[in-house]
Structures are given as C-alpha cells and as structure tokens.
Amino acid sequence: QYGVGDIVQIGEWIGRVESLNLRRTQLRNAEGKLITIPNSEIKIVANLSNYWSRGDLNIPVPYDADLTEVMTLVEDTALTMQQESPWDELIVEPPQLMGLEDFGDRGPILKLWIKTQPLKQMDVARDYRRRLKLAFDAAGIDFPVPQRSVQIVNPSALQETTAHTPVDRTP
C-alpha cells in the first residue's frame, strides 16, 4: 500500500510516511507535525504519490468573455507549458481541458486536468496559474470578481423610507 517517503492519507491525516513498523505508522504533515497512527486503526489508505498525480484546476472566466477564445487560451497555455523545460519532464501527458464545469458567482468555471509525476501537481499548477494570468493580461481578459444582482422591487417605497428617516449628525 505504501512505504517510507510516500505521501498518504490515512483517515483525516495527510502526510509523508517517515517511518513504519509492525505496530505503527508515522506521518509528517505539511505543518511539520509528526502523527503516529497505530496500524490497528488503519482501515483505508490513499497513496497520493504512487505512479502519477493530477493537477485539478478550476478556472473562472468572466461572463462577458468569448468562451471559445478563453477555452483556446487556457488549453494553449497548458500545451505550451508542457513543451518547455523543466515541465516537459514533470507533465506526463498532454493537459486535458475538460470543458465548462459549472457556473459560479464569478463566471463560468473551466476544468483543466494536468497529469504529472508523483507529487509535482502543485508545482505545475502554481506555474500554470502564473502563465495563465500573464496570458489573460496579454489578451485583455480580466479575471472575474464575484457578481451579484440586486433588484429593487418598489423604488418609491425605498425613496419614502429614506426621505423620512432622520439623520443623526452628532459626533
């Protein structure tokens, strides 16, 4: 299932396996805490570093952007990155633009998968986001901010309320 050096999730704990023996497994988490888990407590293990990893990116785009143009830009940025060193060694398959994943308060959300060497998905994702920001800037596309619609059902009632509300001007 796992060995020393693997990144695993055991129950609620995620970390690098520092040691294991017949009685216990010890993980070091991202905060540096050493977690000791009795092997008798281990039921299910997710090995996060076995064979390959995947960066799972959700990319919000503005509602007013040309979705086809943005999808092309997202995919081209990923494919270009895959061809450049050192990423050509870390990205093990061509990135996959899965398509329109959802509609969020910031805009449509595109899903991109990038399959990487084990444990390299975060490094790849960080640089991909940097590159995508630069590509959006060059294309004049702003990353979206949350949007809300406000409807005033009866504007005259709002005017009456604000017109007759005394204003306290005491310091």
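Residues numbered from 1 in each chain as written. Predicted model: local features only at pLDDT ≥ 70, side-chain atom pairs only at ≥ 80, totals over all residues. Heavy atoms only, no water.

(A) Highlighting the sheet that holds strand E7 (residues 96-103). With antiparallel pairing, the 3 strands of this open sheet are ordered in space as E6-E8-E7. This sheet does not close on itself; its edge strands, each paired only once, are strand E6 (53-60) and E7. Sheet twist, expressed as the average angle between the axes of neighbouring strands with direction ignored, equals 25 degrees. Here E7 runs beside strand E8 (residues 108-116); their pairing, made up of 6 bridges, is antiparallel. Note on E8: the bridge partner recorded for Asp102 is Ile109. Against the sheet, helix H1 (residues 67-83) engages E6, E7 and E8, with an angle of about 15 degrees to E8. Against the sheet, helix H3 (residues 121-139) engages E6 and E8, with an angle of about 30 degrees to E6. (Pairing = 2+ DSSP bridges. Helix = DSSP H or I, 4+ residues; strand = E, 2+ residues; numbered from the N terminus. Axes fitted to C-alpha atoms, helices over the stretch in contact; angles between N-to-C directions. Contact = heavy atoms within 4.5 Å.)

(B) Representation of a nonpolar patch on the surface within the structure. On the surface, a cluster of nonpolar side chains totalling about 350 Å² of accessible area is made up of Tyr51, Trp52 and Val92. When you line up the elements, Trp52 lands in the loop between strand E5 (45-47) and E6. (Patch = residues over 30% accessible without salt bridge, like charges linked within 9 Å, V, L, I, M, F, W, Y side chains within 5 Å. Areas by Shrake-Rupley, 256 points an atom, 1.4 Å probe, with all protein chains shown as cover. Salt bridge = Lys/Arg side-chain N within 4 Å of Asp/Glu carboxyl O.)

(C) Focus on the side chain of Thr25. Its place among the elements puts Thr25 in strand E3 (residues 24-28). Within the structure, the side chain of Thr25 is placed 2.8 Å from the side chain of Asn39, a separation counted as a polar contact. Leave out the neighbours within four places in its chain, and Thr25 touches Tyr2, Ile10, Val17, Ser19, Leu20, Ile35, Thr36, Ile37, Asn39 and Ile42. (Polar contact = N/O pair within 3.5 Å; in protein donor to acceptor, adjacent residues only side chain to side chain.)

(D) Highlighting the environment of Leu119. In this structure, Leu119 sits in the loop between E8 and H3. Overall, the relative accessible area of 29% leaves Leu119 in the partly exposed class. Considering only alpha carbons, one finds Leu119 and Ile7, 112 residues apart in sequence, at a separation of 8.0 Å. Among residues more than four places away in sequence, those in contact with Leu119 are Ile7, Arg16, Leu48, Ser49 and Ser53. (Buried < 20%, exposed > 50% of the residue type's maximum accessible area, 1.4 Å probe, protein only.)

(E) Structural view of unusual backbone geometry. Backbone torsion omega between Ser85 and Pro86 reads 5 degrees, so that peptide bond is classified as cis. Relative to the helices and strands, Pro86 resides in the loop between H1 and helix H2 (87-90). For Leu119, which is not glycine, the phi torsion reads 70 degrees and is therefore positive.

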